[in-house]
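So you can see what is in the structure, the chains are spelled out below.
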Amino acid sequence: MKYRYLGTTGVRVSQLCLGTLMFGAWGDNSADDSIRIIDRAMAAGINYIDTADSYSRGESEEILGKALARSGRRDRVVLATKCHAPMGVDPNSRGNSRRWIHQAVDASLRRLGTDWIDIYQMHRPDPHTDIDETLGALTDLVRAGKIRYLGSSTFPAHQIVEAQWTAERRHRERFVTEQPPYSLLAREIEADVLPVCQKYGMGVATWSPLAGGWLTGRYRKGQEIAPTRRANRWSKRYDMSAEANQRKLDAVEQLALLAEESGLTLIELALAFVMEHPGVTSAIIGPRTMEQLESQLSAADVRLGRDVLDRIDEIVPPGRTLNVEDGGWLPPELSEATLRRRSAR
């Protein structure tokens, strides 16, 4: 396993980061099976593990906490978690407000069984909360010793810049990491997010490098596609009647052929592509089973030649995302009609 510096923090993390989205109820995974996956990932050299309070409503954090306690290796793990998504029916148990952040951090610390979180991330932007409010609360938590570094996830480039400027002008701790979606099928961040992160010296751990399973070989033309929990949860990314997903299917066929010609699996090609970008620190893998983990670990040793990268650019042009739903977040200006229609207010 190779290690890279996490932006300008001086912290070194594995180029593969273990994501825990599938641990617990969401992945229909038992705690014991999940802990075995965590142990195997750490044995392979992965020292960067990412979770979130909302993954299976806290169960993922609890499983990870048990695994770290059992292994006795908490000090050797760069532990990242997030808050923002709803955690209950209370309208204030969500978002990026000072009130909720302080509650959410304490709850995550309890579930993880640790005294500190290495990287605490805002899971999505919050259009209803001033970024200074958010950074102020996070700065207090850094000074209290509960978190070490701040991060954002799936923030558009202009909001990353706004957060950097606010931190400088208001003397707040700044976001030192960003966690955006990035894959062979979703390359939009190459146009702005990645260059902005490079400019500000931010570490980048990309989520869904296998495009939610699209780049594992599961989705191929002429194959019957069995429904999955992931597809049921995010149906617009998997509806085969959608033109955007047909474009993805066409691209997958060409990429699978390229992988075969290159002596690689499609999984290895997909992960190696993400790790090849100079602005990317780590690719977050999210295995549900031990077999899936083993199929992804081998990508850590793969480097892609210029000819392969040029061919990828022909199949999916740089900066292009084939289905906008794979971006993981739509600005409210697009999703809420009242923000773009004067007569509808």
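Throughout what follows, the structure given in this document is the object of discussion. Just so we're clear, the structure is a prediction, and the values are computed from it rather than from any experiment.

**Things to note about the pairing of strand E3 (residues 16–19)**
The alternating pattern of E3 places Leu16 and Leu18 on one face and Cys17 and Gly19 on the opposite face, and all of these are buried. As judged from the 3 bridges shared by E3 and strand E10 (residues 282–285), these two strands associate in the parallel manner. By the bridge assignment, leucine 18 is partnered in E10 with isoleucine 285. Examined bridge by bridge, E3 and strand E4 (residues 48–50) share 2 bridges and lie parallel to one another. Residue pairing in the sheet places leucine 18 in a bridge with isoleucine 49 of E4. A crossover links E3 with its parallel partner E4, the connecting element being helix H1 (residues 31–43), and its sense is right-handed.

**Concerning the sheet that holds strand E9 (residues 203–206)**
The parallel closed barrel is built from 8 strands, whose spatial order is E3-E4-E5-E6-E7-E8-E9-E10. Direction aside, the axes of adjacent strands within the sheet are offset by 30° on average. Relative to E10, E9 runs parallel, the two being bridged by 2 bridges. Bridged to threonine 206 within E10 is alanine 283.

**Digging into the packing of aromatic side chains**
One pass over the full model with this rule turns up 6 aromatic pairs. Plain terms: the ring middles of tryptophan 214 and tyrosine 219 are 4.9 Å apart, the flat faces sit at 20° to each other, and that makes the pair stacked. What links up through ring pairs into an aromatic cluster is the set Trp214, Tyr219 and Tyr238. Across from the ring centre of tyrosine 5, 5.6 Å away, lies the NZ or CZ of arginine 12, which sits over that ring. The ring of tryptophan 116 carries the charged tip of arginine 74 above its face, separated from the ring centre by 4.1 Å.

**Some thoughts on the packing of helix H2 (residues 59–71) against helix H3 (residues 98–112)**
Running from amino to carboxyl end, H2 crosses H3 at an angle of 45°, the nearest separation of the two axes being 7 Å. By the angle between their directions, the pair H2 and H3 is classed as oblique. Facing Glu61, Glu62, Leu64 and Gly65 of H2, the residues of H3 in contact are Ser108, Arg111 and Leu112.

**What about the nonpolar core?**
With 88 residues, the main nonpolar core has Tyr120, Phe175, Leu185, Leu215 and Leu269 as its most contacted residues. Per-element accounting of this core gives the leading share, 9 residues, to helix H9 (residues 266–276). Setting aside anything within four residues of it in sequence, one finds leucine 269 in contact with Leu184, Leu255, Leu258, Ala259, Leu264, Leu304, Val308 and Ile312.

**Some points on a nonpolar patch on the surface**
Taken together, Val324, Leu330 and Leu334 make up a surface patch of nonpolar side chains, about 270 Å² in accessible area. Structurally, the position occupied by leucine 334 is in helix H12 (residues 332–335).

**Some words on the pattern of salt bridges**
Counting across every chain of the model gives 16 salt bridges. A salt bridge links aspartate 326 to lysine 248, with the nearest nitrogen and oxygen atoms 3.0 Å apart. Of this pair, aspartate 326 sits in the loop between helix H11 (306–315) and H12 while lysine 248 sits in helix H8 (residues 243–261); the two residues are 78 residues apart in sequence, bridging distant segments of the chain. Taking the shortest distance from any N to any O, the salt bridge between arginine 311 and glutamate 314 comes out at 3.0 Å. Taken together, the residues arginine 311 and glutamate 314, both in helix H11 and 3 residues apart, mark about one turn of the helix. The exposure class of arginine 311 is partly exposed, given its relative accessible area of 34%. Taken together, the shared-partner salt bridges in this structure form one network comprising Asp132, Arg170 and Arg172.

**Describing the environment of glutamate 291**
Within the secondary structure, glutamate 291 is located in helix H10 (residues 290–297). Sequence separation of glutamate 291 and arginine 311 is 20 residues, and the distance between their C-alpha atoms is 29 Å.

**A short note on the environment of glycine 217**
Here glycine 217 is to be found in the loop between E9 and helix H7 (229–233). Each C-alpha atom of the pair glycine 217 and threonine 265 lies 8.9 Å from the other, and the pair is 48 residues apart in sequence. In this view, glycine 217 contacts Gln223 and Leu266; residues no more than four positions away in its chain are not counted.

Rules of the game
- Within each chain, residues carry numbers counting from 1 in the order of the written sequence.
- Restriction of local features to residues with pLDDT of at least 70 applies here, the model being predicted, together with a cutoff of 80 or more for giving and counting side-chain atom pairs; totals for whole chains, interfaces and linings are based on all residues.
- Each side-chain value is worked out from all heavy atoms of the structure, with water and hydrogens disregarded.
- Only protein chains enter the calculation, and the probe is 1.4 Å; a residue is then buried if its accessible area is under 20% of its type maximum, exposed if over 50%, and partly exposed in between.
- Numbered from the N terminus, helices here are DSSP runs of H or I no shorter than four residues, and strands are runs of E no shorter than two.
- For two strands to count as paired, DSSP must find a minimum of two bridges between them.
- Handedness of a crossover is defined as follows: orient the strands so they point away from the viewer, and if the path from the first strand over the helix to the second runs clockwise, the crossover is right-handed.
- The convention used is that axes are lines fitted to C-alpha atoms, helices contributing only their stretch in contact, and that angles between N-to-C directions extend from 0 to 180 degrees.
- Whether two aromatic rings pair depends on their centres lying within 6.5 Å, for rings of Phe, Tyr and Trp, where Trp uses its six-membered ring; planes under 30 degrees apart make the pair stacked, over 60 edge-to-face, and the rest tilted.
- In this scheme, Lys NZ or Arg CZ marks a charge over a ring once it lies within 6 Å of the ring centre and within 35 degrees of the ring normal.
- Angle categories: roughly parallel below 35 degrees, roughly antiparallel above 145, roughly perpendicular from 65 to 115, and oblique for all the rest.
- Should any heavy atoms of two residues lie within 4.5 Å, those residues are counted as being in contact.
- Definition of nonpolar core: a set of buried residues of the types Ala, Val, Leu, Ile, Met, Phe, Trp, Tyr and Cys, connected through side-chain atoms within 4.5 Å.
- Patch building starts from residues that exceed 30% relative accessible area and form no salt bridge, then joins like charges within 9 Å and nonpolar side chains (Val, Leu, Ile, Met, Phe, Trp, Tyr) within 5 Å.
- Shrake-Rupley sampling with a 1.4 Å probe provides the accessible areas, and residues are treated as covered by the protein chains on show and by no other component.
- By definition here, a salt bridge exists when the distance from a side-chain nitrogen of Lys or Arg to a carboxyl oxygen of Asp or Glu is within 4 Å.

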